[in-house]
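# Tertiary structure, described
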Amino acid sequence: VGHCHPDIVKAAHEQNQLLNTNSRYLHDNLVDYAERLSKTLPEKLCIFYFLNSGSEANDLALRLARQYTKHEDVIVLDHAYHGHLTSLIDISPYKFRNLEGQKEWVHVAPVPDTYRGIYREDHEDAVTAYADEVKDTIEHAHRRGRKIAAFFVESLPSVGGQIIPPAGYFQKVAEHVHKAGGVFIADEIQVGFGRVGKHFWAFQLQGEDFIPDIVTMGKPIGNGHPLACVATTKEIAEAFAATGVEYFNTFGGNPVSCAIGLAVLDVIEKEHLQAHATEVGNFLMKILKEQQVKHPIIGDIRGCGLFIGVDLIKDQAE
């Protein structure tokens, strides 16, 4: 919402003057913020955990998935990056390929990239073909005696090259994953909070009939303040609580963080930032496409709202 946005600075300052405490102590800001955030999501995603960073959020999502499914294995997309904790480096091909390599419980599926990927725009049904790759990955894992806990994906893969998965891909993948006893985790850390313009959450680009089982949030959520969130269903949260080991995060959801979170939502609404992302994004795409005509080095321009990628190439045909 902008560097040092006065409304955010004011909200932080006012709450700092009153009280900031660890999350053992109940505070209205936490409940108010959870309620407000819930209005942006499908009804099914009604339980919220607050944390300090996107990496913490993704780590918790992993724990929730494993506790709920009683399985261990995770399917990720190639080139993915999900955070800097050990657990997340393990599910980030972007990182683990340069470090200790792929763990036996991690399975990598191809990115649903219709420009550079294995199935391209000229394919008769790229959506099904890419979803079938995930199905094959599951079957291969099952043959090795492995069980799938989650399909973990950025709603729009960012480090992987600003990829816009074809609509319907998530629905088909979710079907295969659910059938295998796993859950679908949508990482919205880079792409949530109206960045894509048309929708508040990037997973909504897939269609109204698609709802992830777990959604993770970070980065823009606090406008630079350390704040993150995991939203999930009642069933998953209850399975997690059934262990008797409650989730506790000292400063996750503290009064100042929640005051800032509320102020961010206010600004997005008040300044029509979602519509702004659409308008500016469309304008940027238009002038980039004008450049594409002039410069053969530009192979592809793709994006949605203010999530845009320009693919530079050496050879148009290849």
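Residues numbered from 1 in each chain as written. Predicted model: local features only at pLDDT ≥ 70, side-chain atom pairs only at ≥ 80, totals over all residues. Heavy atoms only, no water.

### Observations concerning the overall build of the protein chain
What counts is decided by this rule: To qualify as a helix, a DSSP run of H or I must reach at least 4 residues; to qualify as a strand, a run of E must reach at least 2; elements of each kind are numbered from the N terminus. Throughout, radius of gyration means the C-alpha value; the globule benchmark is 2.2 Å times the number of residues raised to the power 0.38. For the exposure calls, accessible area comes from a 1.4 Å probe over protein chains only, and a residue counts as buried if that area is under 20% of its type's maximum, exposed if over 50%, partly exposed in between.
Counting its regular elements, the protein chain contains ten helices and nine strands. Since a compact globule built from 318 residues should have a radius of gyration of about 20 Å, the 20 Å found for the protein chain is in line with a globular shape. Seen through its principal axes, the protein chain has C-alpha atoms that stretch 65 × 50 × 40 Å. Per-residue burial for the protein chain yields a buried fraction of 52% across its 318 residues.

### Digging into the state of the cysteines
The criterion, for reference: Any two cysteine sulfur atoms lying within 2.5 Å of each other are counted as a disulfide.
Across all of its chains, the model carries zero disulfides by this definition. Cys258 provides the cysteine sulfur closest to Cys229, a residue in no disulfide bond, and the two sulfurs are 9.2 Å apart. A relative accessible area of 0% means that Cys229 is categorised as buried.

### Quick look at the pairing of strand E2 (residues 73-77)
The side chains of a regular strand alternate between the sheet's two faces. What counts here: DSSP bridges decide pairing: two strands pair if at least two such bridges lie between them.
E2 sits mainly inside the fold: five of its five residues count as buried. Side chains Asp73, Ile75 and Leu77 project from E2 onto one buried face, and the interleaved Val74 and Val76 project onto a second face that is buried too. Pairing of E2 with strand E4 (residues 148-154), which is carried by four bridges, proceeds in the parallel orientation. Note on E4: the bridge partner recorded for Asp73 is Ile148. As judged from the four bridges shared by E2 and strand E3 (residues 106-109), these two strands associate in the parallel manner. Residue pairing across strands places Ile75 opposite His107, the latter belonging to E3.

### Re the side chain of His71
Note the cut-off: Definition of a polar contact: a pair of N or O atoms within 3.5 Å, with one able to donate and the other able to accept a hydrogen when the atoms are protein atoms, and with sequence-neighbouring residues admitted only if both atoms are side-chain atoms. Residues count as neighbours in contact if any of their non-hydrogen atoms are within 4.5 Å of one another.
The residue His71 is located in the loop between helix H3 (54-69) and E2 in this model. Within the structure, the side chain of His71 is placed 2.8 Å from the backbone oxygen of Ile148, a separation counted as a polar contact. If sequence neighbours within four positions are ignored, His71 has contacts with Arg66, Lys147, Ile148, Ala149, Ala180 and Gly181.

### Focus on the pattern of salt bridges
Our working definition: Should a side-chain nitrogen of Lys or Arg be within 4 Å of a carboxyl oxygen of Asp or Glu, the pair is scored as a salt bridge.
One pass over the structure, following the stated rule, counts 16 salt bridges. Two residues, Glu246 and Arg24, come together in a salt bridge whose shortest N-O distance is 3.5 Å. Highlighted residues: Glu246 in the loop between helix H8 (234-241) and helix H9 (255-270) and Arg24 in the loop between helix H1 (6-18) and helix H2 (28-38), separated in sequence by 222 residues. Arg97 serves as the salt-bridge partner of Asp78, at 2.5 Å between the closest nitrogen and oxygen. With Asp78 in the loop between E2 and helix H4 (86-89) and Arg97 in the loop between helix H5 (93-96) and E3, this pair connects stretches of sequence that are 19 residues apart. Since its relative accessible area comes to 22%, Asp78 is described here as partly exposed. By sharing partners, the salt bridges in this structure join Glu72, Asp73, Glu104 and Arg146 into a single network.

### Concerning the packing of H3 against H8
The following threshold applies: Here an angle of 0 to 180 degrees is reported between the N-to-C directions of two axes, which are lines fitted to C-alpha atoms, with helices fitted over the stretch in contact. Under this scheme an angle from 65 to 115 degrees is roughly perpendicular, one under 35 degrees roughly parallel, and one over 145 degrees roughly antiparallel; angles in between are oblique. Just so you know the grouping, Ala, Val, Leu, Ile, Met, Phe, Trp, Tyr, Cys and Pro go in nonpolar, Asp, Glu, Lys and Arg go in charged, and all remaining residues, Gly too, go in polar.
Contact pair H3 / H8: the axes reach a minimum separation of 8 Å and the direction vectors enclose 85°. Comparing their axes, H8 and H3 come out roughly perpendicular. Contacts from Leu60, Arg63, Leu64, Gln67 and Tyr68 of H3 reach H8 at Glu235, Ile236, Ala239 and Phe240. Within the contact of H3 with H8, the residues separate by chemical class into six nonpolar, one polar and two charged.

### Let's talk about unusual backbone geometry
Residue Lys219 is not a glycine yet carries a positive backbone phi of 35°. Note that Lys219 resides in the loop between strand E6 (214-217) and strand E7 (228-232). For Asn223, which is not glycine, the phi torsion reads 50° and is therefore positive. The topology assignment puts Asn223 in the loop between E6 and E7.

### Let's talk about H2
Going by this rule: The arc in question is formed by the directions pointing from the helix axis toward the C-beta atoms.
When H2 is considered as a whole, its buried residues turn out to be Asn29, Tyr33, Ala34 and Leu37. With its buried residues spanning 130° around the axis, H2 presents them on a single face. Taken together, the buried residues of H2 touch H1, strand E1 (47-51), E6, E7 and H9.

### Quick notes on the domain arrangement of the protein chain
Accessible area lost on assembly of the parts is the figure often given for the size of an interface. What counts, and what does not: For the purposes of this description, domain bounds are those given by an automatic or database domain assignment. Buried area is a sum: the accessible area each of two parts loses on coming together, probed at 1.4 Å, counted once for each and added.
Here the domain parsing of the protein chain yields domain 1 (6-271) and domain 2 (276-312). One C-alpha centre belongs to domain 1, the other to domain 2, and the line joining them spans 26 Å. Counting from both sides, the interface comprises 16 residues of domain 1 and, opposite them, 14 residues of domain 2. Regarding the contact of domain 1 and domain 2, the summed buried area is about 1,200 Å², with carbon and sulfur atoms giving 58% of it. Taken as a group, Tyr115, Gln162 and Arg195 account for 45% of the area that domain 1 buries against domain 2, more than any other trio of residues on that side. Inspection of the region where domain 1 meets domain 2 yields one salt bridge.

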